[in-house]
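# A closer look at the structure
One-letter residues, chain by chain:
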Amino acid sequence: MLTSVPRLPVVAGLTLLAVSPLAACSVGRAAVPAATTAAEPDRILAAPRGILAAGQPQPNGALWTLAGNAASRGLFEFSLTSGHTVGSISVSNAAQSVAESLTGMLGVALGTSHAGTLELLNGNTGTVARTIPIGAPAREVVVGADGATFYVLNGSATSSSVTIVDSADGKVEGTVPVPLDTVSIVPDVQETTLYALQPSGRVSQVAIAGGKIITSFPVGDSGRSLALSPDGSTLYVLKNGRDSTNVAVVDLATESVRKVLPAPSNCLQVLVSASGNQLYQVVGTASYGNIQVVSL
């Protein structure tokens, strides 16, 4: 069982450091629109150094971040309004990703070299409510638009899939195959399909019932992270190329890149606010971390 510490002000060994500067951006493929003029984000919020991932922002302006290293990892509850960390929980050093249900249940995806689990934690107390075995090492967990269902991306060298878990009782509701090298997922608003991103920058829409790929389209190279607008019309795709980092804004009606937004170096993940008006760029290395807020 993982060691949990309810709402400590700081997890040992993890501290807040200064934010990083923005990096210049360019586009890797001529077919993709050029990035908009690089502008400063609206806000840059200091986050734990060594930040690895963050959960979907909640309507109250809070989100949980995962930070740490191979020896020690923790969850930090973060206020996007004040820019302060308001609580923390120690978790396994196998933690890879975090998501939060509307009831405050945290889903923590754990992945070692051979096994994976989803841990359900009470966000108020930090106690582990349930541990659900996953078929392979977990890479990412996201929550659906219903605020109650966790989708866990997991895989091995030979296959990848998404395990669907009810956050209330930990019941596994199904498994959906996705492309082998999928790095990020997001369910559509109706939660009938999944969007799966590959490192090549190709996005596949996969039916949850039956696992059939409905459509597949390119958005540029070096895909890393997906986020979906609350109305389900726009997909935001973080791309970390060799020479640039940016976010493709994809119109799902036409499956085309409408524009490209600049993003900072060492950007790990993108998230969209509950209102759909802001894009959050999660940025970090072992020595710093921040969350950059961009108006949409």
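Higher on the page you've got the structure.
Keep in mind that this is a model prediction, so the values were computed, not measured. (Residues numbered from 1 in each chain as written. Predicted model: local features only at pLDDT ≥ 70, side-chain atom pairs only at ≥ 80, totals over all residues. Heavy atoms only, no water.)

## A closer look at the overall build of the chain
Within the chain, the regular secondary structure consists of zero helices and 24 strands. Per-residue burial for the chain yields a buried fraction of 55% across its 296 residues. Once local pairs closer than 6 in sequence are excluded, the contacts in the chain between residues at least 24 apart make up 44%. (Helix = DSSP H or I, 4+ residues; strand = E, 2+ residues; numbered from the N terminus. Buried < 20%, exposed > 50% of the residue type's maximum accessible area, 1.4 Å probe, protein only. Contact = heavy atoms within 4.5 Å.)

## A closer look at the sheet that holds strand β19 (residues 234-240)
Taken in spatial order, the four strands of this open sheet run β18-β19-β20-β21, and their pairing is antiparallel. With partners counted over all chains shown, the strands left at the sheet margins are β18 (223-228) and β21 (256-262), one partner each. In this sheet, adjacent strand axes meet at a mean angle of 25° when their direction is disregarded. By the bridge criterion, seven bridges tie β19 to strand β20 (residues 245-251) in an arrangement that is antiparallel. Paired with Leu-238 across the strands is Val-247, a residue of β20. (Pairing = 2+ DSSP bridges. Axes fitted to C-alpha atoms, helices over the stretch in contact; angles between N-to-C directions.)

## Digging into the pairing of strand β14 (residues 184-187)
Neither face of β14 is left uncovered, since the one carrying Ser-184 and Val-186 and the one carrying Ile-185 and Pro-187 both have all their residues buried. In this structure, β14 lies alongside strand β15 (residues 193-197), joined through four bridges in antiparallel fashion. Its bridge partner being in β15, Pro-187 is matched across the sheet by Leu-194. Hairpin connection of β14 to β15: five residues between the antiparallel strands, including Glu-191 at a positive phi of 60°.

## Describing the pairing of strand β24 (residues 289-295)
Burial analysis of β24 places six of its seven residues in the buried class, which makes it a mostly covered element. Sheet topology note: the strand β1 (residues 43-46)/β24 ladder contains four bridges and is antiparallel. Across the sheet, residue Leu-45 finds its bridge partner in β24, namely Ile-291. The pairing of strand β23 (residues 278-284) with β24 spans seven bridges and is classified as antiparallel. By the bridge assignment, Val-282 is partnered in β24 with Ile-291. Adjacent in sequence and paired antiparallel, β23 and β24 are bridged by four residues.

## With respect to the sheet that holds β23
Pairing in this open sheet of four strands is antiparallel, and the strands run β1-β24-β23-β22 from one edge to the other. Both edges of this open sheet fall to β1 and β22 (267-272), since each of them pairs with a single strand only. Each adjacent strand pair in this sheet contributes to an overall mean axis angle of 20°, direction not counted.

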